[in-house]
Structure formats: C-alpha cells, structure tokens
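As a plain string of letters, each chain reads:
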Amino acid sequence: MTMVAFENVTLRYGERVILENFSLRVKKRERLVIFGPSGSGKTTILRMVAGFVAPERGTVSIADRPVSADGRILVPPEKRGVGMVFQDLALWPHMSVEENVGFGLMVRKVPKMERKRRVEEILELVGLKGFGSQNPSDLSGGEQQRVALARALILEPDVLLMDEPLSSLDRPLAEHLAHEIVRLQKRVGFTLLYVTHLEEEAAIIGTRRLTIRKHTSSSQTSRPEIF
Ligand SMILES: Nc1ncnc2c1ncn2[C@@H]1O[C@H](COP(=O)(O)OP(=O)(O)OP(=O)(O)O)[C@@H](O)[C@H]1O
Ligand SMILES: [Mg+2]
C-alpha cells in the first residue's frame, strides 16, 4: 500500500520554484531518507505531508486519500495521522515530561487514567521509564530527543516526519539514537520520512533515499536512488 504520494506537485514561493512536477511514492512501513542541499525543499516536502503547506498544483495523498490538491488543504493537519519531530524539539518547558508526552491525548479528551497508562507505556518504549515527573530542561539532549519522539508516537501516527532530529547531538549519541529509531519503527510499524544531511545517519535509517536538488530553471528530477 502507498502510504504517502506526491503526484505532479508544483510549489513556488513568489517567483522561486521549489518543486516542479515532483512525484513520489512511499510505501507503508518504508523508511525514506530525504537528502539534499540547504534550501532545496526538504522541510517544505514534510510540511506538505503534515498539511501546513498545500501544493500549488498536483496532489498529496496519504493512504490513497487526497489530503491536499491544487492549492487547497483537503484534510487538516490534526486529521492526517501524521506525527512530527523537528530539530527544534519545541518541548514545553513549563510542563513535566509526562505532561509534554500526554498533551496530545488531553487535547483529544482521553480520560486521565488511560492517559497515564499510555504515557507510561510510551516512555518505557523510548527508554525513559521513570522520567515522567522530571522537567525537560533537566534532561540531556538525547533524553529530550526521546521525549519529543514519545510525544509524537503516543498519537499512533501512520506516518512520522523527522526533520534533522538528531543534528544537535554529538555523533556517537546521534548514531545510537538513529538505531533506536529504526528499532522503534520496526516494532511500531509507522512509515518514516526522515530528513538528514549526514551520510552515516542516512545509512542507518533509510530503506530508501531520495536526493533532491536545488531547483534551477530546468525541471526537477525526483527519481529516488535505491540502496
Ligand atoms: N514560507 C515561505 N515563504 C517564502 N519562502 C520560503 C518559505 N518557506 C521556505 N521558503 C524557501 O523555500 C526554499 C526551501 O526551503 P526548505 O526549508 O524546504 O529547505 P530545506 O531543504 O529544508 O533547507 P535546510 O537544509 O536549510 O533546512 C528555501 O529557499 C526557503 O527560503
Ligand atoms: Mg529544512
């Protein structure tokens, strides 16, 4: 099953063409690494999957359902089954780890007891058992990263978007966490779209790699390289 699809997507910011006739198919449970120079449109691709940006032309689909097309958002971000972890983790400093992780469930009005159980379950899954009452700012960079991951995974997304999530960590820790992300993905089964500019991380994470080039006047090539 195709989990994420772009069909002939064109997007410009003002006069600048970011993507032109861009097509992509990501299968369920695939781990796609998106590679490319700064400004080539990697984050923009994720933002279109998330539903913050609509393609000017073309269609974006999730699980074979069009979610944006021809300049319109058809399905809003919160209804797409898409989770996100970005480089700037944006953890809420005034909330504990368990409040951060459980926030999405609270918004969805999940009862307190069930929320507590699911928060504990997910903290254990990401290796943070017992950290619930701590403040995010008291945690190490790697631990904060796991909180951000738990916060996304607790909503059981079909698709997880990660935009250079490990780039603020030192290399050995980043590689360790990259292996953990793969382990989690295999266990939980979400489809992963992962942006990185680091070769080692790409090799650990990806079952497939998409290299995008900065758009010039010629047409964008978007044929994924398979490795
Ligand atoms: N809202 C916006 N308005 C105008 N231009 C934008 C907007 N968002 C992104 N851009 C431009 O679109 C281009 C692609 O941006 P994008 O953030 O997708 O690049 P990127 O590949 O993620 O780069 P990096 O590796 O630096 O994060 C950039 O030139 C950026 O300046
Ligand atoms: Mg970016």
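(A) A look at the overall build of the protein chain. If you tally the helices and strands in the protein chain, you get six helices and 10 strands. Over its C-alpha atoms the protein chain spans a radius of gyration of 18 Å, differing by no more than 12% from the 17 Å that the globule rule assigns to 227 residues. In terms of overall dimensions, the protein chain has C-alpha extents of about 55 × 40 × 35 Å along its principal axes. Counting across all 227 residues of the protein chain, residues that qualify as buried make up 52%. Looking at the protein chain alone, contacts between residues at least 24 apart form 66% of all its contacts between residues at least 6 apart. Of the accessible surface of the protein chain, which amounts to about 11,200 Å², a share of 50% is contributed by carbon and sulfur atoms. Averaging the positions of the 33 positive and the 28 negative side-chain charges in the protein chain gives two centres separated by 5 Å.

(B) Region of the structure containing the sheet that holds strand E6 (residues 72-73). Strand order in this open sheet of five strands is E2-E1-E4-E5-E6, and the pairing throughout is antiparallel. If you trace the sheet from one side to the other, it starts and ends with strand E2 (16-27) and E6, each paired once. With two bridges joining them, strand E5 (residues 65-69) and E6 adopt antiparallel strand pairing. Bridge pairing in E6 links Ser68 to Ile73. Against the sheet, helix H1 (residues 42-50) engages strand E1 (2-13), E2, strand E4 (57-62) and E5, with an angle of about 120° to E1.

(C) Broad picture of H1. Across the nine residues of H1, seven count as buried, placing the element largely inside the fold. Those residues of H1 lying buried are Lys42, Thr44, Ile45, Leu46, Met48, Val49 and Ala50. At the exit of H1 stands Gly51, carrying a positive phi of roughly 100°.

Definitions and cut-offs
- Residues numbered from 1 in each chain as written.
- Chains lettered and ligands numbered in written order.
- Predicted model: local features only at pLDDT ≥ 70, side-chain atom pairs only at ≥ 80, totals over all residues.
- Heavy atoms only, no water.
- Helix = DSSP H or I, 4+ residues; strand = E, 2+ residues; numbered from the N terminus.
- Rg over C-alpha atoms; globule rule 2.2 N^0.38 Å.
- Buried < 20%, exposed > 50% of the residue type's maximum accessible area, 1.4 Å probe, protein only.
- Contact = heavy atoms within 4.5 Å.
- Areas by Shrake-Rupley, 256 points an atom, 1.4 Å probe, with all protein chains shown as cover.
- Lys, Arg positive; Asp, Glu negative; His and termini not counted.
- Charge placed at Lys NZ, Arg CZ, Asp CG, Glu CD.
- Pairing = 2+ DSSP bridges.
- Axes fitted to C-alpha atoms, helices over the stretch in contact; angles between N-to-C directions.

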